[in-house]
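# Chain and residue survey
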Amino acid sequence: MTRRSCAIYAVGVTCATLLIVGIGLFVGQVFVTLMHNRLKKELVLVEGSRVFESWKRPPPPVYMEFFFLNVTNLNEFLQGAKPEVNQVGPYTYREYRYKDNVSMVENGKKVSAYNTKSFVFLREKSVGDPAVDNITTVNIPAWAVMNKVKGSFWKSTMVSIMMNNIGSGLFTTRTVDELLWGYEDPLLVQVSSSNPEVETIFGLMYKKNGSNDGEFIYHTGEQNYMDYGRVETWKGQRQLTFWNTNQSNSINGSDGSAFHPLLNKNERIYIFTPDLCRSIYMEFEKDVEVKGIPAYRFTPPRSVLASKEENPANEGFCVTPQECLGTGLLKVSPCRKGAPVVASFPHFYLGDPKYVAAIKGMSPQGQHHQTYLDLNPTTGVIVRANKRAQINILIGRINGFAKTRGLNETVFPVMFLNESVVIDDASAARVHKLLLIVTLVSNFPLIIVGLGGILLLVLIILLVRARKQKTTAEDDTSYSPVNDKEKEDPQNGTYIGLTPKSDPQA
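### Quick look at the pattern of salt bridges
Here the idea is simple: oppositely charged side chains can pair when their charged atoms come close. For the structure shown, the criterion picks out 23 salt bridges. Its salt-bridge partner being Lys-117, residue Glu-95 comes within 4.0 Å of it at the nearest N-O pair. With Glu-95 in strand β2 (residues 85-105) and Lys-117 in strand β3 (residues 110-121), this pair connects stretches of sequence that are 22 residues apart. Accessibility classification places Glu-95 together with Lys-117 in one group, the buried group. With a closest N to O distance of 3.9 Å, Glu-419 and Lys-117 form a salt bridge. Of this pair, Glu-419 sits in strand β17 (residues 410-422) while Lys-117 sits in strand β3, placing them 302 residues apart in sequence.

As structure tokens, this is what we get:
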């Protein structure tokens, strides 16, 4: 066997081996499975893991924006006109969040932590000074007290007299700082004299600066990667007690800070939110890209806050059969000490149009009022998020309070918030690096197939060249008899003499 034949043989064997191995590995998804198993082991909530420190202290900056809905025609509304509001904001705060008192429990299978948040005002990102700017809105303490005593003629009469004596009305004008972080309410002071358990300070964010929501216990994801970050208990409870059915009281999903890797577009993302006193779910909407990182956008569908007629599963969130609100609303009074607080998306986005029509100045737009999560599907990392919610107060006629006599039941907007985050550049670079490794390792069989394809081309070229050389050699060599007649050798018989091919033109 010549050297050229050996080379062709070696190239052919190597080419076939690479193609067979590469195609086999690709079809069997061997390296993809290997990489996915590696991710499942790396992305766990245990000391020393790739994500544990960033889970405890998330590096991307979080911003909290507050928008107030200022009443502009109060006197006319109290006389029967449609209420009119104008949006004032944002008042922006940098939100610092970290997990405190982190400890492993149940032999390292779960992790306990407290979610602590603090807020620092950012004047450059705000429309004004919260210590100076005034907002006219619903007098929430007054409505909370009136709802608490309704049905009792004696208590209603006493509260009505108190309100008249101290000049406490159905609406109030306060600074943004007071509405957010608290002020001493004169009516609450009066009530607390006979009921010391009543807090005299009221604020929408009162006691939420530098505080936490209670102890959470999370799954680490070691036993099952799908449980990564999933809440096991909150304040020692596996089930809530606010609602009327086990399904409504279920604590499902994560707390919104961590999601399992290897997401797919068909799954529902569950999030437990203490602010809403319930779990909500989000569904895939579209593919997006943030800082070059591919992501799936998940958003809450209309069915999350749909009426019981539209979504029977939501019947458990009705406080009573008579207090079942329409689509787009959730009455959270069971976890707000009975106050008539109603949660919705900003400007009643995804809600029944009648709530939008009842308030002049409402203009729901998905771009500004939709809640969404952009998650990288490979790692589950949050690359961008906007959590948007509106606080409303249910107002209307209450027996025993003459001031409410001319009011129809109205879900009155007070304020909405936008909690937003975008992945920082350093974290984005780490995600890019990890995704590059995942891509290279997962596509290694294709690299092998590519090498096999290159060798196949080399083999074809070698075979063609060998064929040409053989043909040329045959063309350069012929045979002819020595004489016109073939001579016979007496001993060796007939023989043929090889001579160069003669030129017929010669």
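So, next bit.
### Section: the packing of helix α5 (residues 140-149) against helix α6 (residues 153-166)
Following both chains from N to C, one finds α5 and α6 inclined at 160°, their axes separated by 9 Å at the closest point. As the angle between them shows, α5 and α6 are arranged roughly antiparallel. In the crossing of α5 with α6, the sense of the turn from one axis to the other is left-handed. Taken together, the residues of α6 that come into contact with α5 (itself represented by Ala-142, Val-145, Met-146 and Val-149) are Lys-155, Ser-156, Val-159 and Met-163. Of the residues in the contact of α5 with α6, the class split is six nonpolar, one polar and one charged.

### Here's the deal with unusual backbone geometry
With an omega dihedral of 10°, the bond running from Gly-89 to Pro-90 counts as a cis peptide bond. In this structure, Pro-90 sits in strand β2. You will see that Lys-207, though not glycine, has its phi angle at about 65°, which is positive. You can see Lys-207 is positioned in the loop between β7 (201-202) and β8 (211-219). The phi angle at Lys-337 is positive, at roughly 55°, despite the residue not being glycine.

### Quick notes on the state of the cysteines
What makes a disulfide is a covalent bond joining the sulfur atoms belonging to two cysteines. Overall, the coordinates contain two disulfides when judged by the stated rule. Here Cys-277 pairs with Cys-335 through a disulfide, and the sulfurs are 1.7 Å apart. For the disulfide bridge between Cys-277 and Cys-335, the dihedral angle about the S-S bond is near 75°, and by the sign convention the bridge is right-handed. Residue Cys-277 is located in the loop between β10 (269-273) and β11 (278-290), and its partner Cys-335 is located in the loop between β13 (330-331) and β14 (341-344); the two are separated by 58 residues in the primary sequence. Cys-335 shares its class with Cys-277; the two are buried. Paired through a disulfide, Cys-318 and Cys-324 show a sulfur-sulfur distance of 1.6 Å. Note on Cys-318: relative accessible area 7%, which makes it buried. Using a relative accessible area of 23% as the deciding quantity, one classes Cys-324 as partly exposed. By sequence order of its bonded cysteines, the protein has the disulfide arrangement 1-4, 2-3.

### Remarks on a nonpolar patch on the surface
A grouping of Trp-154, Met-158 and Ile-161 is seen on the molecular surface, where their side chains present a nonpolar patch of about 340 Å² in accessible area. Checked against the element boundaries, Met-158 lands in helix α6.

### A short note on the side chain of Asn-314
Within the secondary structure layout, Asn-314 lies in the loop between β12 (293-299) and β13. Residue Asn-314 is classed as buried on the basis of its relative accessible area, which comes to 9%. Look past the residues within four positions of Asn-314 in its chain and what remains in contact with it is Ser-303, Val-304, Leu-305 and Ala-306.

### Things to note about α5
In terms of burial, α5 is largely enclosed, as eight of its 10 residues are buried. All of the buried residues along α5 are Ile-140, Pro-141, Ala-142, Trp-143, Val-145, Met-146, Asn-147 and Val-149. Positive phi shows up at Gly-151, right after α5, with a value of about 100°.

### Things to note about the side chain of Asn-73
Within the element layout of this structure, Asn-73 appears in the loop between β1 (62-71) and α4 (74-78). Its relative accessible area of 10% is what places Asn-73 among the buried residues. Aside from chain neighbours lying at most four places away, what touches Asn-73 is Lys-82, Pro-83 and Glu-84.

### Let's talk about the packing of aromatic side chains
Across all of its chains, the model carries 21 aromatic pairs by this definition. Measuring from ring centre to ring centre gives 5.3 Å for Phe-171 and Phe-412, while their planes differ by 75°; the resulting arrangement is edge-to-face. Within this pair, whereas Phe-171 is found in strand β5 (residues 171-175), its partner Phe-412 is found in strand β17, the two being separated by 241 residues in sequence. Relative accessible area serves as the criterion here: at 0%, Phe-412 is assigned to the buried category. Between the aromatic rings of Phe-284 and Phe-298, the centroid separation amounts to 6.2 Å while the plane-to-plane angle is 80°, which identifies the pairing as edge-to-face.

Criteria and thresholds
Residues numbered from 1 in each chain as written. Predicted model: local features only at pLDDT ≥ 70, side-chain atom pairs only at ≥ 80, totals over all residues. Heavy atoms only, no water. Salt bridge = Lys/Arg side-chain N within 4 Å of Asp/Glu carboxyl O. Helix = DSSP H or I, 4+ residues; strand = E, 2+ residues; numbered from the N terminus. Buried < 20%, exposed > 50% of the residue type's maximum accessible area, 1.4 Å probe, protein only. Axes fitted to C-alpha atoms, helices over the stretch in contact; angles between N-to-C directions. Parallel < 35°, antiparallel > 145°, perpendicular 65-115°, else oblique. Left-handed = near helix turned anticlockwise from the far one by under 90°. Contact = heavy atoms within 4.5 Å. Nonpolar A, V, L, I, M, F, W, Y, C, P; charged D, E, K, R; others polar. Disulfide = S-S within 2.5 Å. Patch = residues over 30% accessible without salt bridge, like charges linked within 9 Å, V, L, I, M, F, W, Y side chains within 5 Å. Areas by Shrake-Rupley, 256 points an atom, 1.4 Å probe, with all protein chains shown as cover. Phe/Tyr/Trp six-rings, centres within 6.5 Å; stacked < 30°, edge-to-face > 60°.

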